Amino acid sequence: MRSWLGTLATLVIVGGALAGPAAADPPGTALSPDHFGVLAGSASAPVQLEIFCDPQCPECAKFESASGDDLGRHLAAGDVAVTYRWMTFLDARRGNDVSARVGNALMAAADPATSAASYQGFVGELYRRGGAPSLQDIADTARDAGLAAPVVERIASGQPAVDPGSMNAYNRVQLLAANPEKPGTPTVYDATNHALVDTDDAGWLDRLTHGS
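This structure is a prediction, so every number in the text was calculated from the model and none was measured.

Thresholds, definitions, all that
Here, residues in each chain are numbered from 1, in the same order as that chain's written sequence. Totals for whole chains, interfaces and linings use every residue, but because this is a predicted model, local features are given only for residues with pLDDT of at least 70 and side-chain atom pairs only at 80 or more, for both listing and counting. Computation of side-chain values: all heavy atoms of the structure, hydrogens and water removed. Axis definition: a line fitted to C-alpha atoms, limited for helices to the stretch in contact. Angles are taken between N-to-C directions and run from 0 to 180 degrees. Secondary structure elements follow DSSP: runs of H or I no shorter than four residues count as helices, runs of E no shorter than two count as strands, and numbering proceeds from the N terminus. Should an angle fall under 35 degrees it is taken as roughly parallel, and over 145 as roughly antiparallel, whereas 65 to 115 is taken as roughly perpendicular and any remaining angle as oblique. In this scheme, a crossing is called left-handed if the near helix is turned counterclockwise away from the far one by less than a right angle; it is called right-handed if the turn is clockwise. Between two residues, a contact is recorded if the distance between any of their heavy atoms is within 4.5 Å. Following the grouping adopted for this structure description, the nonpolar residues are Ala, Val, Leu, Ile, Met, Phe, Trp, Tyr, Cys and Pro, the charged ones are Asp, Glu, Lys and Arg, and the polar ones are all others, Gly among them. Expected helix span is computed as 1.5 Å times (number of residues minus one). Relative accessibility thresholds used throughout: buried, under 20% of the residue-type maximum; exposed, over 50%; partly exposed, between the two (1.4 Å probe, protein chains only). Whenever a carboxyl oxygen of Asp or Glu lies within 4 Å of a side-chain nitrogen of Lys or Arg, that contact is scored as a salt bridge. For the purposes of these results, a polar contact is taken to be a pair of N or O atoms within 3.5 Å, where, inside protein, one atom must be able to donate a hydrogen and its partner to accept one; residues adjacent in sequence count only when each atom of the pair is a side-chain atom.

Considering the packing of helix 5 (residues 116–129) against helix 6 (residues 135–144)
What describes two packed helices is the angle between their axes and the distance between those same axes.
Then comes step 1: Two elements in contact, helix 5 and helix 6, have axes whose closest approach is 9 Å; the angle formed by their N-to-C orientations is 135°. Taken together, helix 5 and helix 6 sit at an angle that is classed as oblique. Where helix 5 crosses over helix 6, the two elements pack in a sense that is right-handed. Here helix 5 contributes Phe122, Glu125, Leu126 and Arg129 to the contact with helix 6, which in turn contributes Ile138, Asp140, Thr141, Ala142 and Asp144.
Then comes step 2: Taken together, the residues that form the contact of helix 5 with helix 6 break down as four nonpolar, one polar and four charged.

Right, here's the structure in full:
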């Protein structure tokens, strides 16, 4: 007669086989190696994009409205990663500090607890709401986008995550290298193929993920 220990061992083995492997964690976010960008997704994703935006840029808002959902879908699937490179040049033009405030919050949101898709949702919702949000407004947007409570609290506190001037200067150099003829925002750069992306071309992201 089989012992109860043998029966238990069999049930454990069979149960594990039926359960299958544990689901992988969704792609997360982290600061880029230079600490002036936010990597949403895995550095090993087959499509690597760099997106240059200023939080006050109206064309960036249009881009996020048109492409944000698709970006979120591909970020969740893990076949795309985006390094957002935030810029603050519009503060000087508009005589405010909105881009610096929002840009700092967007850098503060980079965290292992922030999934790539929820970060993309945070970006899109900030552009949708627009205006000159206070720290609490930005934190509320982060919470509504599903960011973890400690990240939301960090954003609400205004804790410095980056020097906005240094971030803008560094990312401008990267923008000039990526798009020397028209270094404006938004610029989307395909870092895998070392080429600018024409985001006015409908279906551009699906074509990149299918290798065409």
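Quick word on helix 5
Then comes step 1: In this model, helix 5 (14 residues) spans 20 Å end to end at C-alpha, consistent with the 20 Å of a helix rising 1.5 Å per residue.
Then comes step 2: Every buried residue of helix 5 is listed here: Ala116, Ser118, Tyr119, Gln120, Phe122, Val123, Glu125, Leu126 and Tyr127.
Then comes step 3: Directly beyond the C-terminal end of helix 5, a positive phi value near 60° is found at glycine 130.

Focus on the pattern of salt bridges
Pairing between side chains of opposite charge can happen when the charged atoms of each approach one another.
Then comes step 1: Following the criterion strictly, the structure yields 13 salt bridges and no others.
Then comes step 2: Taking the shortest distance from any N to any O, the salt bridge between aspartate 34 and arginine 85 comes out at 2.7 Å. Note that aspartate 34 is positioned in the loop between strand 1 (29–31) and strand 2 (38–40) and arginine 85 in strand 4 (residues 80–86), a separation of 51 residues in sequence.
Then comes step 3: Ionic contacts of the salt-bridge type, sharing partners, join the residues Glu125, Arg128, Arg129, Asp140, Arg143 and Asp144 into one network.

Looking at the environment of leucine 208
Then comes step 1: Take leucine 208: it is sitting in helix 9 (residues 204–209).
Then comes step 2: Once the C-alpha coordinates of leucine 208 and valine 80 are considered, the two residues, 128 residues apart in sequence, prove to be 9.1 Å apart.

Digging into the environment of serine 44
Then comes step 1: On the secondary structure map, serine 44 appears in the loop between strand 2 and strand 3 (47–53).
Then comes step 2: For the pair formed by serine 44 and alanine 81, sequence separation is 37 residues and the distance between their alpha carbons is 8.2 Å.
Then comes step 3: Here serine 42 takes part through its side chain, which lies 2.7 Å from a polar atom of the side chain of serine 44.

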